[in-house]
Amino acid sequence: MITNQLLHPASIVVVGASNNVHKPGGDILRNLINGGYAGELCAVNPKETEVQGVAAFADVKDIPDTDLAILAIPAALCPDAVEVLAAEKQVRAFIILSAGFGEETHEGALLEDRILETVNKYGASLIGPNCIGLMNTWHHSVFSQPIPQLHPSGVDLISSSGATAVFILESAVTKGLQFNSVWSVGNAKQIGVEDVLQYMDEHFNPDTDSKIKLLYIESIGDPDRLLFHASSLIKKGCRIAAIKSGSSESGSRAASSHTGAIASSDLAVEALFRKAGIVRCYSREELTTVGCIFTLPELKGKNFAIITHAGGPGVMLTDALSKGGLNVPKLEGELVEELKSKLFPGAAVAIRLIYLPRTRRSICGSVWSIVKRSSTI
């Protein structure tokens with residue numbers, strides 16, 4: 001259940017807030033402040049009356065009514081805090097950063113069950129536990145860095161793992177990839193990857209919503225629902241790329257100990273992704289590169305011209321395009337002569353690519369304008 005209080009809260013309380021920004025409760029409060037959150041913000045800290053300039057209360061029973069509660073306290077304290085916040089403070093959205101739940105012990109799983117029972121009873125949303133939080137253009141409720149540039153036309157990232165979300169963000173930021181939202185679902189006790197995709201599908205607005213979704217998945221709990229909503233989003237003009245980890249026996253054991261994920265057959269995952277139209281990736285660099293490619297205008301046709309200042313990479317790209325079923329045609333006739341008239345000696349144009357050693361960008365643009373006029377490209 002994804003509520004408006006989760007996506008656009010008018011008020012937020014950080015339970016376990018700290019002046020130490022190296023702690024989750026301190027880092028997330030700093031990110032909220034630095035992110036320009038415009039709503040009411042308060043903190044719960046039994047030892048402070050003010051945390052990072054924000055009013056602090058000794059107990060959750062003392063705070064005013066609030067939309068969203070972020071918990072950064074020991075797992076054992078979370079169920080009672082959630083009960084008070086939901087029953088007495090009208091909280092209808094929770095982000096639980098804390099670990100020590102079902103991913104670790106049976107006792108931890110029972111704590112999760114108590115929390116889920118409470119949030120469902122009051123019709124509230126739950127992200128986590130064992131996550132880094134949620135970040136969108138309205139509020140930066142994450143306790144991690146980097147904070148990417150956020151824009152409505154950016155990418156939506158949904159990740160089973162908080163650390164992997166950060167790992168992906170680090171790669172994306174260096175490529176200049178913008179984001180619209182980042183979801184770290186952690187143990188996904190209530191809201192998992194399928195739930196987020198369903199919400200995005202059922203509330204999709206082609207004029208305002210991001211059309212690019214990047215996924216990191218450790219467990220597919222409901223493959224039919226994932227297939228349905230991913231396919232639906234793609235039919236609406238979206239593009240989706242995903243990593244599905246835990247495909248090996250050892251990897252599935254690691255995923256289970258990490259977020260309690262249940263293994264899925266790798267062949268089944270491959271078939272599901274192909275049927276839905278999801279581009280499968282196998283590393284963060286591949287995922288973020290595909291995300292960058294998705295931001296480019298859709299390509300028409302199969303013919304390519306390569307303009308490069310380094311011959312070797314151009315040859316490798318030619319091979320890659322050819323193996324992918326695309327065509328890099330040979331340049332011949334008047335086109336070659338016209339290109340040579342614009343280039344320095346040493347430039348090669350009669351092969352499958354145009355090699356421009358030590359060439360200025362202005363010349364590259366001129367060359368491209370000539371190549372575009374060719375009927376072979």
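Residues numbered from 1 in each chain as written. Predicted model: local features only at pLDDT ≥ 70, side-chain atom pairs only at ≥ 80, totals over all residues. Heavy atoms only, no water.

**Student:** How do you make sense of the overall build of the protein chain when you look at a structure like this?
**Tutor:** Helix and strand content of the protein chain: 13 helices and 16 strands. Relative to its full complement of 377 residues, the protein chain shows a buried share of 49%. Looking at the protein chain as shown, the accessible area adds up to about 17700 Å², and 54% of this sits on carbon and sulfur atoms. (Helix = DSSP H or I, 4+ residues; strand = E, 2+ residues; numbered from the N terminus. Buried < 20%, exposed > 50% of the residue type's maximum accessible area, 1.4 Å probe, protein only. Areas by Shrake-Rupley, 256 points an atom, 1.4 Å probe, with all protein chains shown as cover.)

**Student:** Sorry if this is basic, but what is going on with unusual backbone geometry here?
**Tutor:** Excluding glycine, most residues fall at negative phi; most peptide bonds, likewise, are trans. Of note, the amide linkage connecting glycine 128 to proline 129 takes the cis form, showing an omega dihedral of 0°. Following the sequence through the fold, proline 129 ends up in the loop between β7 (125-127) and β8 (133-136). Proline 146 follows glutamine 145 through a cis peptide bond whose omega is 0°. The backbone of glutamine 90 shows a phi angle near 60°, a positive value even though the residue is not glycine. Within the secondary structure, glutamine 90 sits in the loop between α3 (78-88) and β6 (93-96). When its relative accessible area of 39% is taken as the criterion, glutamine 90 is described as partly exposed. Backbone geometry at alanine 188 places phi at a positive 55°, although glycine is not the residue there. On the secondary structure map, alanine 188 appears in the loop between β11 (179-184) and α6 (193-202).

**Student:** Looking at this structure, how should I read the sheet that holds β6?
**Tutor:** Whenever strands of a sheet pair, they do so through backbone hydrogen bonds, lying parallel or antiparallel. Reading across the sheet, the seven strands line up as β3-β4-β2-β1-β5-β6-β7 and stay open at both edges, with mixed pairing between neighbours. The strands lining the two open edges of the sheet, one partner per strand, are β3 (50-51) and β7. The pairing of β3 with strand β4 (residues 54-57) spans two bridges and is classified as antiparallel. By the bridge assignment for β4, glutamate 50 is matched with alanine 55. (Pairing = 2+ DSSP bridges.)

**Student:** Can you walk me through helix α9 (residues 266-276) in this structure?
**Tutor:** All buried positions along α9 are accounted for by Val269, Leu272, Phe273 and Ala276. In a view along the axis of α9, the buried residues occupy a sector of 95°, so they form one face of it. Turned more than 90 degrees away from the buried face of α9, the exposed residues are Leu267, Arg274 and Lys275. At the exit of α9 stands glycine 277, carrying a positive phi of roughly 95°. (Arc of directions from axis to C-beta.)

**Student:** How do you make sense of the environment of serine 161 when you look at a structure like this?
**Tutor:** Position of serine 161 among the secondary structure elements: in the loop between β10 (150-159) and α5 (162-175). Residues serine 161 and asparagine 130, spaced 31 residues apart in sequence, show a C-alpha to C-alpha distance of 8.6 Å. A polar contact of 3.5 Å, which involves the side chain of serine 161, links it to the backbone nitrogen of alanine 163. (Polar contact = N/O pair within 3.5 Å; in protein donor to acceptor, adjacent residues only side chain to side chain.)

**Student:** What is the right way to look at the environment of cysteine 238 in this model?
**Tutor:** By secondary structure assignment, the location of cysteine 238 is in the loop between α7 (223-235) and β13 (239-244). In contact with cysteine 238, other than residues within four places in its own chain, are Phe204, Ser210, Lys211, Lys213 and Leu233. (Contact = heavy atoms within 4.5 Å.)

**Student:** Any chance you could explain the pairing of strand β5 (residues 68-71) here in plain terms?
**Tutor:** On any regular strand, side chains alternate: one points to one face of the sheet, the next to the other face. Where burial is concerned, the two faces of β5 agree: the one with Leu68 and Ile70 and the one with Ala69 and Leu71 are both buried. Here strand β1 (residues 11-15) runs beside β5; their pairing, made up of four bridges, is parallel. Each residue of the ladder has a partner; that of valine 15, found in β5, is leucine 71. Pairing geometry for β5 and β6, over four bridges, is parallel. Bridge pairing in β6 links leucine 71 to isoleucine 96. What joins β5 to β6 is α3, and the crossover it makes is right-handed. (Right-handed = clockwise from strand over helix to strand, strands pointing away.)

**Student:** How should I be thinking about the nonpolar core in this particular structure?
**Tutor:** Proteins that are soluble and globular tend to have nonpolar side chains buried together. Ranked by internal contacts, the top residues of the largest apolar core, which has 46 residues, are Leu6, Ile70, Ile95, Ile158, Trp183 and Phe273. One finds Ala81, Ala86, Val119 and Ala124 within the second-largest nonpolar core, a separate group that totals 26 residues. (Core = buried A, V, L, I, M, F, W, Y, C linked by side-chain atoms within 4.5 Å.)

**Student:** I would appreciate a short explanation of the pairing of β1 in the present structure.
**Tutor:** Among the five residues of β1, five are classified as buried, and the element is accordingly described as predominantly covered. Side chains of β1 alternate between two faces, with Ser11, Val13 and Val15 and Ile12 and Val14 buried alike. Bridge count between β1 and strand β2 (residues 40-44): five bridges; the pairing is parallel. Considered in β2, the bridge of valine 15 is made with valine 44. Running through helix α2 (residues 24-34), the crossover from β1 to the neighbouring parallel element β2 is right-handed.

**Student:** Explain the packing of aromatic side chains to me, please; I cannot follow it from the model alone.
**Tutor:** Here a ring pair, both rings aromatic, is described through the centre-centre distance and the interplanar angle of the planes. Under the definition given, this model contains zero aromatic pairs. Cation over ring: arginine 284 sits above phenylalanine 167, and NZ or CZ is 3.8 Å from the ring centre. (Phe/Tyr/Trp six-rings, centres within 6.5 Å; stacked < 30°, edge-to-face > 60°. Lys NZ or Arg CZ within 6 Å of the ring centre and 35° of its normal.)

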